[in-house]
Amino acid sequence: MHTLPNGIIFFERGWLSSNNVLLHDDTQSILIDSGYWTHAKQTEALIKSALQQRPLSKLLNTHLHSDHCGGNAQLQDTFPNLETLIPPGHASYVDNWDAAALTYTPTGQHCPPFTKTGVLHDGDCFKITGKSWRIHAAPGHDPHSIIVFNENDGILISADALWENGFGVVFPEIEGLSAFDDVESTLRVIERLNPKLILPGHGAAFTDVKGALWRARTRLEQFRNSPEKHSTYAAKVLLKFKLLELQKSKLIDYREWARSTQYLQILHKTHLNAMSFDSWFIEQCKSLEKSKACAVNEEYIVNIN
Ligand SMILES: [Zn+2]
């Protein structure tokens, strides 16, 4: 456990929901990211218990993946005066809700529709408990992602741009758009900020930033040298994410979901895969089983961990 300055609460969640950070003082409270929709009630309970009777005043999303903003609708219901600020890149798709452009349809995930009241630009700054938090653009994992840096205490909310062990799937690469250079430029931004402590989008808080940057760059180099490694990683992440949601599924239902998931179809076709979709799907499931992420038999697939 890392000791955080007064007014900062880090909620480390399971992998289905992103972590949440709550900043609060006597006059305002700001939540960064709201988790996955199936955990929305739990997110609400965590916030309410931390704020006692006070309302949540602002909600910021680092990016609009379903595991980072799935609780937005619930929190907007609970706190009617809540301001919701998002990165500008996808703002128009939120205003005219477009589940395909927001990637919920192609990933086979769900996010209850929410509204926004404003956007977060690179360089924007806000103050809370007398500390300055600055927004930095952090493309790569998602072209529109931002990270948030506390300039007084050197604390970085890194979203999925940097974890203790790696970083999130580089989603534009799935669609054939090159984005590995963006990942590297974002790692350079983080290096330049020189944070003392990182509160990542998933996993525990950590202080060994040098080590994390080294591991991220090593991983990035592997992906650059063998893009099929990134494709396999992406496929496994999408499959595991759904399994975290379902916990247990009939294998035929799970396969139906996979067949109808556009990104899995693209990933199967990448690198001239000669295997049929169904054989490839089973191979990915077996590989997840080998890494102890699930158990699979003729009839069922069950999530582990
Ligand atoms: Zn993400």
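Residues numbered from 1 in each chain as written. Predicted model: local features only at pLDDT ≥ 70, side-chain atom pairs only at ≥ 80, totals over all residues. Heavy atoms only, no water.

K.L.:
Lay out helix α7 (residues 180–193) with the relevant residues and their values.
P.N.:
In this model α7 runs 20 Å from its N-terminal to its C-terminal C-alpha over 14 residues, within 8% of the 20 Å that 1.5 Å per residue would give. Taken residue by residue, α7 has F180, V183, E184, T186, L187, V189, I190 and L193 as its buried positions. Once α7 ends, the next one or two residues include N194, with phi positive near 55°. (Helix = DSSP H or I, 4+ residues; strand = E, 2+ residues; numbered from the N terminus. Expected span 1.5 Å × (residues − 1). Buried < 20%, exposed > 50% of the residue type's maximum accessible area, 1.4 Å probe, protein only.)

K.L.:
With reference to specific residues and values, describe the packing of helix α10 (residues 251–259) against helix α12 (residues 277–290).
P.N.:
Close contact between α10 and α12 brings their axes to 11 Å; oriented N to C, the two are set at 115°. In terms of orientation, α10 lies roughly perpendicular with respect to α12. Relative to α12, α10 is oriented so that their crossing is right-handed. Residue-level inspection shows L251, Y254, R255, A258 and R259 of α10 in contact with α12, the latter providing F277, D278, F281, I282 and C285. Counted by class, the contact of α10 with α12 contains seven nonpolar, no polar and three charged residues. (Axes fitted to C-alpha atoms, helices over the stretch in contact; angles between N-to-C directions. Parallel < 35°, antiparallel > 145°, perpendicular 65-115°, else oblique. Left-handed = near helix turned anticlockwise from the far one by under 90°. Contact = heavy atoms within 4.5 Å. Nonpolar A, V, L, I, M, F, W, Y, C, P; charged D, E, K, R; others polar.)

K.L.:
Lay out the domain arrangement of the protein chain with the relevant residues and their values.
P.N.:
On domain assignment, one finds that the protein chain holds domain 1 (8–224) and domain 2 (228–303). Using C-alpha coordinates to define each centre, domain 1 is positioned 26 Å away from domain 2. Facing the 24 residues of domain 1 at the interface are 16 residues of domain 2. Taking both partners together, domain 1 and domain 2 bury about 1,800 Å²; carbon and sulfur atoms supply 70% of that area. Applying the counting rule to domain 1 against domain 2 returns zero salt bridges. (Domains from an automatic or database assignment. Buried area = accessible area lost by both parts, 1.4 Å probe. Salt bridge = Lys/Arg side-chain N within 4 Å of Asp/Glu carboxyl O.)

K.L.:
Describe in detail the sheet that holds strand β13 (residues 294–296), supporting the description with residues and values.
P.N.:
If you trace the three strands from one edge of the open sheet to the other, you get β12-β14-β13, paired in antiparallel fashion. The sheet is open, and its two edges are formed by β12 (248–250) and β13, each paired on a single side. With direction set aside, neighbouring strand axes in the sheet form an average angle of 15°. Taken together, the three bridges between β13 and strand β14 (residues 300–303) define a ladder with antiparallel strand orientation. Within β14, the residue paired with A295 across the bridge is V302. Across the sheet, α10 touches β12, β13 and β14, and the angle it forms with β12 is around 90°. With respect to the sheet, α12 is in contact with β13 and β14, its orientation differing from that of β13 by roughly 130°. (Pairing = 2+ DSSP bridges.)

K.L.:
I'd like to hear about the pattern of salt bridges, residue by residue, with values.
P.N.:
As enumerated under the stated definition, the model contains 12 salt bridges in all. When the shortest N-O distance is used, the salt bridge between D181 and R224 registers 2.8 Å. Separated by 43 residues along the polypeptide, D181 in helix α7 and R224 in helix α8 (residues 209–225) bring together distant segments of the chain. For R224, a relative accessible area of 32% puts it in the partly exposed group. Where R188 meets E184, a salt bridge forms, and the shortest distance between an N and an O atom there is 3.4 Å. You can see R188 and its partner E184 sitting in helix α7, four residues apart, about one turn around the helix. Take E184: its relative accessible area is 15%, and that puts it in the buried class. Three or more residues are tied together by salt bridges with common partners; here these are E184, R188, E191 and R217.

K.L.:
Account for the coordination of the zinc ion, naming residues and giving values.
P.N.:
Note on the zinc ion: its protein donors are H63 (NE2), H65 (ND1), H141 (NE2) and D160 (OD). The metal-donor distances range over 2.1 to 2.4 Å. What the four donor atoms of the zinc ion show is an angle range of 88 to 174° at the metal, which sorts the shape as irregular. Motif for the zinc ion, donor spacing along one chain: H-x1-H-x75-H-x18-D. Remark: D160 occurs in the loop between β10 (155–159) and α6 (171–174) and H141 occurs in the loop between β8 (131–137) and β9 (146–150); sequence separation between them is 19 residues. Judged on exposure class, the residue H141 and its partner D160 are both buried. (Donors = N, O, S within 2.8 Å, 3.2 Å for Na, K, Ca; no water. Tetrahedral: all angles 85-135°; square planar, octahedral: opposite > 155°, others 65-115°.)

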